[in-house]
Amino acid sequence: MTPTAPPEPATAPALQQGPAHSSVRSLLRLWPWVRPVRARLFTAAFVAILASCTGLVVPLVLKWLVDGPVADRDTAGVWLGGALLLAVGFVEAGLFGLRRWLVARPLSRVEAGLRESLFHHLQRLPVAFHDRWASGQLLSRATTDLQLLRLFLAFPLTFLVVNGTTIAVGCVILLVQEWTLGLVLLAPVLPLLVFCSVFEARYAVESRRAQDQIGDLTTVVEESVLGIRVIKGFGRHRSQARAFRALSERLLSTELYKARLLAMVWLMITVLPELAIGAALVLGSVQVADGALSAGTLIAFLSTALALRWPVDSIGFMLAMCHEAATASDRYFEVLDEPVPPSVRTPVAGPELPEARRPDGAAPASRRPDGAGGGEPGNGAPGVAGEAARAAPGEAPVDGGLPARDLLCFEDVTFRYPDAPPDAPPVLDGVTLRVRAGETLALVGATGSGKTTLTALVPRLHEATGGRILLDGTDIATIPLPRLRERLAVAFEEATLFSASVRENVLMGAEPSGPVPEPDGEAPRPGPPDPLPDAGPDTPDANAPLRRPPGAADEPEAEDRARRALEVAQAGHFVGALPDGAATQVGEQGLSLSGGQRQRLALARAVVGDPGVLVLDDPLSALDVRTEAAVEAALRELLSGTTALVVAHRPSTVLLADRVALLSGGRIAALGTHHELLADSAEYRHLMSGEATGGTA
């Protein structure tokens, strides 16, 4: 009776099926990672074939032993035969041990290379990809699926070849010993091939379904762990348990169906050869009784047939493992095949950018070039010629008597999310805005007006779908991402901290102590010997970490910069009160700290590198009034020499800015100083007074 497949829920992920799907083709895609270790793998396979074929010598020794020393009552010969059997056993065990030693280290490197390639590709994929994919699905691909691939390379890949060779050699020995009995044993081959082909098609579908369901289950577990405070706060642990149980039971149903399929194929693979061996035993006994066959030959024949029992019985098990590995490979390459936008693949060599300069013409302290840059220090001249970099007529001069230039320009910028409906209006629609060097511009607007989206376009977390953004006269779409992001610092409203110390979290915003590879500007190169992407010409060490705090030689300077950044963010007091001060581990996502403390550390991370352009997305929303006032006072001094784009919701934050841009419906509705907009814009007055507006929600 054929097992019935479990019902497929409507929410289950789409499965890859169809005649075009090939397990072999899926597994062959692993070759770039396997190729560097192919010599050891081929050697291991050859050693395993020798070990397996060595086992087939035992029946031949038994035939000689029975027909010779045993029949002749030769005691010395019997002892010799026993010694030969023992020696064959030792040789076989030694060869199998050598095989395992040969594959252990290479396969660990292959798995590490696959994981490195996946991680670096994930780092280079746009934010829109991560918005679409559940994190649990990505985690299951980086863990469970790669473990299945390693298991496939360690066992089924080798033993499909080894067992196939053993069966072929064994069949030749059987036919040479007694061809009539050999044909009896080969009779089940055709039915087994047909049955295995049917099993293969069904098991592949169920294997994909199970692994997708594991990803869904991983997502629920991860969300429950990260959101444990919300779950406990609302008393929703029972509903989460029900959701987990439903997914777990669905996975259980799929796994049980897989087990039934595997049991059926194993039953057929076991029963049919056993029936053939029984028939051969009866026919062979008749031939021995008639004198047509010696007892030694029959014993050798049956011993050979029994030696082939494990290679034949393991076919179903290894086919199942191969299909699970092929499914894991498909799921792995679903992520690796996601195209990296051309802008992200921009080579490291690109247009030279002058350093962002303060109004007095000086480069920021931590990013000042040594004898190179966009202009002579002190003259405020832009390093890239162009109208966007020139001062507009009538602009007020800055300190030193020179006109301020536009450092950051938005020219008719339009943006819509990739997964937005075709008839949906764009989030940003024809935004034109100019931010002068050394100026702080506040972005104000109702919820959903596009403020955060506009700030996300500056570091190219998203790519503008229309228009262009100029940084110092250069279109940021032509600037390699590592260079662009060296010029910027960002602080988001949702402060994200990492499982590291306070100091390490803050210094993540500092400029690295030397050139380091950035995943956004590199092309991947698979393979375990150098699993990191290809380094650019400015990257002396391709295996350097993506980000690293200043080294030991820079420790005093790094400590001083971290201390000053914490003072600006008004975080020095609470950091000093932590058990280990700045060396205190903040835990996953910094959940051991309050929301305001996390936000202040994120602000310190943004200002520690003394960036040329600072992008702040409502960085003070979680602070109390007293702390907010202290932070604003420190920021006011900092922003006096920095070009900044600040998303603001409160008048106190708006007062930090030189000018204010009001966004409404994805457009710039008004532009001016805070007092000018209070006088001229009714919508701005409503926003600042907290009254309801008819703007975009």
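Refer to the structure presented above.
Residues numbered from 1 in each chain as written. Predicted model: local features only at pLDDT ≥ 70, side-chain atom pairs only at ≥ 80, totals over all residues. Heavy atoms only, no water.

Attention now moves to the overall build of the chain. For the chain, the helix and strand inventory stands at 24 helices and 10 strands. Per-residue burial over the chain gives 46% buried out of 697 residues. Sequence separation of 24 or more characterises 77% of the internal contacts of the chain that already satisfy a separation of 6 or more. For the chain, the accessible area works out to roughly 32800 Å², and carbon and sulfur atoms hold 61% of it. (Helix = DSSP H or I, 4+ residues; strand = E, 2+ residues; numbered from the N terminus. Buried < 20%, exposed > 50% of the residue type's maximum accessible area, 1.4 Å probe, protein only. Contact = heavy atoms within 4.5 Å. Areas by Shrake-Rupley, 256 points an atom, 1.4 Å probe, with all protein chains shown as cover.)

Moving on, we come to the side chain of Asn-505. When you line up the elements, Asn-505 lands in helix α17 (residues 502-507). Given the relative accessible area of 1%, Asn-505 is considered buried. A polar contact is formed between the side chain of Asn-505 and the backbone nitrogen of Phe-498, at a distance of 2.8 Å. Here Asn-505 is in contact with Leu-497, Phe-498, Ala-500, Val-586 and Arg-605, once residues within four sequence places are set aside. (Polar contact = N/O pair within 3.5 Å; in protein donor to acceptor, adjacent residues only side chain to side chain.)

A word on the nonpolar core. The tendency in soluble globular proteins is for nonpolar side chains to be buried as a group. Counting residues in hydrophobic clusters, the biggest one holds 37 residues, and the most contacted among them are Val-506, Val-575, Leu-601, Leu-603, Leu-614 and Leu-635. Sequence-distant contacts of Val-575, that is, excluding residues within four places in its chain, are made with Val-502, Leu-566, Gly-581, Ala-582 and Leu-601. Grouped together as the second largest cluster of nonpolar side chains are 35 residues, Val-34, Leu-118, Ala-326 and Tyr-332 included. (Core = buried A, V, L, I, M, F, W, Y, C linked by side-chain atoms within 4.5 Å.)

Our next topic: helix α8 (residues 156-177). In a regular helix each residue adds 1.5 Å, so 22 residues correspond to 32 Å; α8 covers 30 Å between its end C-alpha atoms and thus fits that length. Regarding α8, the residues found buried are Pro-156, Thr-158, Phe-159, Val-162, Asn-163, Thr-166, Gly-170, Cys-171, Ile-173, Leu-174 and Gln-177. (Expected span 1.5 Å × (residues − 1).)

Attention shifts here to the pattern of salt bridges. Considering all chains together, one arrives at 24 salt bridges under this definition. Notably, a salt bridge pairs Asp-212 with Arg-208, separated by 2.8 Å at the nearest N-O pair. In this pair, Asp-212 and Arg-208 both sit in helix α10 (residues 189-226), four residues apart, roughly one turn of the helix. For the residue pair Asp-212 and Arg-208, the accessibility class agrees, reading buried in each case. (Salt bridge = Lys/Arg side-chain N within 4 Å of Asp/Glu carboxyl O.)

Next up on the list: the packing of helix α7 (residues 135-154) against α10. With their axes 8 Å apart at the nearest point, α7 and α10 run at an angle of 130 degrees to one another. Of the possible angle classes, the one that applies to α7 and α10 is oblique. Where α7 crosses over α10, the handedness of that crossing is right-handed. Across the interface between the two elements, Ser-135, Gly-136, Gln-137, Leu-139, Ser-140, Arg-141, Thr-144, Asp-145 and Leu-148 of α7 pack against Arg-208, Gln-211, Asp-212, Ile-214, Gly-215, Asp-216, Thr-218, Thr-219 and Glu-222 of α10. In terms of residue class, the contact of α7 with α10 is made up of three nonpolar, nine polar and six charged. (Axes fitted to C-alpha atoms, helices over the stretch in contact; angles between N-to-C directions. Parallel < 35°, antiparallel > 145°, perpendicular 65-115°, else oblique. Left-handed = near helix turned anticlockwise from the far one by under 90°. Nonpolar A, V, L, I, M, F, W, Y, C, P; charged D, E, K, R; others polar.)

Moving on to a nonpolar patch on the surface. A cluster of nonpolar side chains, namely Val-189, Leu-190, Leu-193, Val-194 and Val-198, defines an oily patch on the protein surface of about 460 Å² accessible area. Taking relative accessible area as the criterion, Leu-193 reaches 56% and is therefore assigned exposed. (Patch = residues over 30% accessible without salt bridge, like charges linked within 9 Å, V, L, I, M, F, W, Y side chains within 5 Å.)

With that out of the way, let us pick up the sheet that holds strand β10 (residues 667-672). Reading across from one edge, β6-β7-β8-β3-β9-β10 is the order of the six strands in this open sheet, with mixed pairing throughout. The strands lining the two open edges of the sheet, one partner per strand, are β6 (488-491) and β10. The mean inter-strand angle of the sheet, taken between neighbouring strand axes irrespective of direction, is 15 degrees. As paired strands, strand β3 (residues 440-445) and strand β8 (residues 643-647) are joined by four bridges and run parallel to one another. What sits directly across from Leu-441, in β8, is Leu-645. Packing of helix α20 (residues 595-607) onto the sheet brings it into contact with β6 and β7 (613-617), and relative to β6 it is tilted by some 175 degrees. (Pairing = 2+ DSSP bridges.)

To continue, consider a positive patch on the surface. Taken together, the side chains of Arg-236, Arg-238, Arg-242 and Arg-245 define a basic patch exposed on the protein surface. By secondary structure assignment, the location of Arg-245 is in helix α12 (residues 237-290). Its relative accessible area of 45% is what places Arg-245 among the partly exposed residues. (Lys, Arg positive; Asp, Glu negative; His and termini not counted. Charge placed at Lys NZ, Arg CZ, Asp CG, Glu CD.)

It is worth spelling out the packing of aromatic side chains at this point. Taken as a whole and assessed by the stated rule, the structure comprises eight aromatic pairs. Where Phe-96 meets Phe-159, the ring centres are 6.3 Å apart and the plane angle is 15 degrees; that geometry is what we call stacked. On the criterion of sequence distance, the pair formed by Phe-96 in helix α5 (residues 75-124) and Phe-159 in helix α8 is long-range, its members being 63 residues apart. Put simply, the rings of Trp-33, Tyr-332 and Phe-333 touch in pairs and so form one group of aromatic residues. Across from the ring centre of Phe-333, 4.1 Å away, lies the NZ or CZ of Arg-29, which sits over that ring. The residue whose ring lies beneath Arg-40 is Trp-101, and the NZ or CZ to ring-centre distance is 4.9 Å. (Phe/Tyr/Trp six-rings, centres within 6.5 Å; stacked < 30°, edge-to-face > 60°. Lys NZ or Arg CZ within 6 Å of the ring centre and 35° of its normal.)

The next subject is helix α9 (residues 179-186). Among the residues of α9, those classed as buried are Leu-181, Gly-182 and Leu-185. Projected down its long axis, α9 carries its buried residues within an arc of 105 degrees, all on one side. Of the surrounding elements, those touching the buried residues of α9 are α8, α12 and α13 (295-307). (Arc of directions from axis to C-beta.)

For Ala-648, the location among the structural elements is in the loop between β8 and α22 (651-654). With 204 residues separating them in the primary sequence, Ala-648 and Val-444 have C-alpha atoms 5.6 Å apart. Not counting the four nearest positions on each side in its chain, Ala-648 is found in contact with Ala-442, Leu-443, Val-444, Thr-653 and Val-654.

Read these as spatial facts, not as claims about activity.
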